[in-house]
Every structure is written in structure tokens, then in C-alpha cells.
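An overview of the molecular structure
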Amino acid sequence: MTLRPVKVTIDALDDSAIGRFWAEALGRRDPADFGVGVVAVREPGPGVKNRVHLDLATASTAHQAELVARLRSLGATPVDIGQGDVPWTVLADPEGNEFCVLEPREVYRDTGPIAAVVVDCADPRAMARFWDEALDWTLHEAADDRAVLRSAEGTGPYLEFLLGPDAKTVPDRVRIDLLCHPGDDREAEATRLRALGATDLDGGRPDAPWTCMSDPEGHDFRILAPRA
């Protein structure tokens, strides 16, 4: 039994507007591709940097400039998170969720519009151990400052855990959704992840077709039931 990452989900006050933003940002895509989902919430964000963000891929410096300009026309704004003088551009969506538009990098040339899902953490090696066991993805790197996984088929975005100084202080508004494989049981998968160090969260809806959990560092995620 293993799980497959299928999307990043973002909490938003105006789920329709944020959904439109990300749909326009990522373009028309196959529904089977890794994507972005949006969930309506009643409370605004706490104004602190998210521990999970997206890196968007570009094919050339001209493409990077064009994408930044297009995203700004859709309502994205430049933000300073202490990045300094870097070749990528840091933006925030209309509700302040940070993301990066990367300069062209060979490693991301075949990922599609999302180059990587990036997670700040205190111990990348520990995150590598947990997520390597949790997922059906392949572990590419596990070091003191960085751990990297990707689909075993070598398609779609990377999942990257980067050493960061910020511990969890507020509930995550950006999280990863994991999908059970056909024939697997959602509760059995949750039990397996608890044994690896995951903990349960209050999902708010006892009848919901997902299970809300946190990894050993408190990064929130959901286990989705298999698709019919």
C-alpha cells in the first residue's frame, strides 16, 4: 500500500477567485495531472509565510518574463520573503499565498507548469524517511539541507523538502492531497501512516471522503478515497 500525491489544496476566502487565478496560471491541463485545488474558508490567512509553496517552471528567460507579467495581470503581486538577489521571481496570489517563477532549469524541463512542490522543514532527512515510506514516489536525494522525491514514472513535479528556520505556528493553508490506489482502503492507509509517525487532525466533516493528518513535523495533508 502506498499513496500518490495528486494536488496541492489552498484555503481561500474567495475560492472562486483563487480557483480562477490558478486555473489561468497553470493553463489547460489533463485532469489526471498534478494540479491545484481550492477550498473555501471563513477566516483570512494569519499573515505568515506558508510552509508549502509551488515553484513554476519556465523554458527560457523570455518565457519567465512573460509568465511573470501574465501572472501579475491576473492579480499576483511581488513579495519579499528574504530571498535577496536571486534569478527567480517570488510572487503571491491574490490572497497572499507565495509561489516562485523559476528561471529556466534543465532539471525541470519536463515537469509541466509546476516544477516542484516545496516544503519548508527542520529535518529534510527525517521528512525523506517518512514520505518515502508514505508515497509510491521515488526518493532522489536525502541530505541535511534538502530531500527530493518524484513520481517513479519520472513525470510531473518534484516534491522537495528544504531546510528552513520557521516552525509551525498556525494551521497550514496550503497542503498536499494524497490519493489511495484503486482497491486500497483509506483508513488502512491512515493506520499505516500513523505507524510511521503521522497524527490525526480534525477534518471538520465526519462524512467527508478524506482523512486529515499531519506528518511528523506537523505539515498537514489529506488522504483521499480511491476514485470510482
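A brief structural summary.

Okay, the sheet that holds strand β12 (residues 199-200) next. Hydrogen bonds along the backbone pair up the strands of a sheet, which may run parallel or antiparallel. A sheet is described by the order of its strands in space; here six strands give the open sequence β2-β1-β11-β14-β13-β12, paired in mixed fashion. The open sheet has two free edges, formed respectively by β2 (35-40) and β12, since each of these has just one partner strand. In the sheet, β12 pairs with strand β13 (residues 210-214) via two bridges, with the strands oriented antiparallel. Across the sheet, T199 pairs through a bridge with S214, a residue of β13.

Sheet topology places strand β4 (residues 77-78) next to strand β5 (residues 89-92); two bridges connect them, and they run antiparallel. Counted as the bridge partner of P78 is L91 from β5. Where β5 meets strand β6 (residues 98-101), four bridges bridge the pair, whose relative direction is antiparallel. Its bridge partner lying in β6, L91 is registered against F99. Two successive antiparallel strands, β5 and β6, enclose a turn made up of five residues, where G96 displays a positive phi of approximately 90 degrees.

Once that is clear, we can look at the sheet that holds strand β10 (residues 158-163). What the eight strands build is an open sheet, ordered β4-β5-β6-β3-β7-β10-β9-β8; its pairing is mixed. Since the sheet does not close on itself, it has two edges, and those belong to β4 and β8 (137-142), each with one partner.

Another point: the nonpolar core. Ranked by size, the top nonpolar core spans 45 residues in total, and within it W22, L71, F99, W131, L159, F161 and F221 carry the most contacts. Every residue in contact with W131, bar those within four places of it in the chain, is listed here: L149, F161, L178, D215 and F221.

So, about the packing of aromatic side chains. Enumeration according to the criterion identifies eight aromatic pairs in this entry. Here W131 and F221 contribute two aromatic rings whose centre-to-centre distance is 5.4 Å and whose plane-to-plane angle is 70 degrees, an arrangement assigned as edge-to-face. Pair noted here: W131 is in helix α3 (residues 124-134) and F221 is in strand β14 (residues 220-224), with a separation of 90 residues, a long-range link. Taken as a pair, W131 and F221 share a single burial class, namely buried. We note R222 situated over the ring of W210; from NZ or CZ to the ring centre the distance is 4.4 Å.

Cut-offs and rules
Residues numbered from 1 in each chain as written. Predicted model: local features only at pLDDT ≥ 70, side-chain atom pairs only at ≥ 80, totals over all residues. Heavy atoms only, no water. Pairing = 2+ DSSP bridges. Helix = DSSP H or I, 4+ residues; strand = E, 2+ residues; numbered from the N terminus. Core = buried A, V, L, I, M, F, W, Y, C linked by side-chain atoms within 4.5 Å. Buried < 20%, exposed > 50% of the residue type's maximum accessible area, 1.4 Å probe, protein only. Contact = heavy atoms within 4.5 Å. Phe/Tyr/Trp six-rings, centres within 6.5 Å; stacked < 30°, edge-to-face > 60°. Lys NZ or Arg CZ within 6 Å of the ring centre and 35° of its normal.

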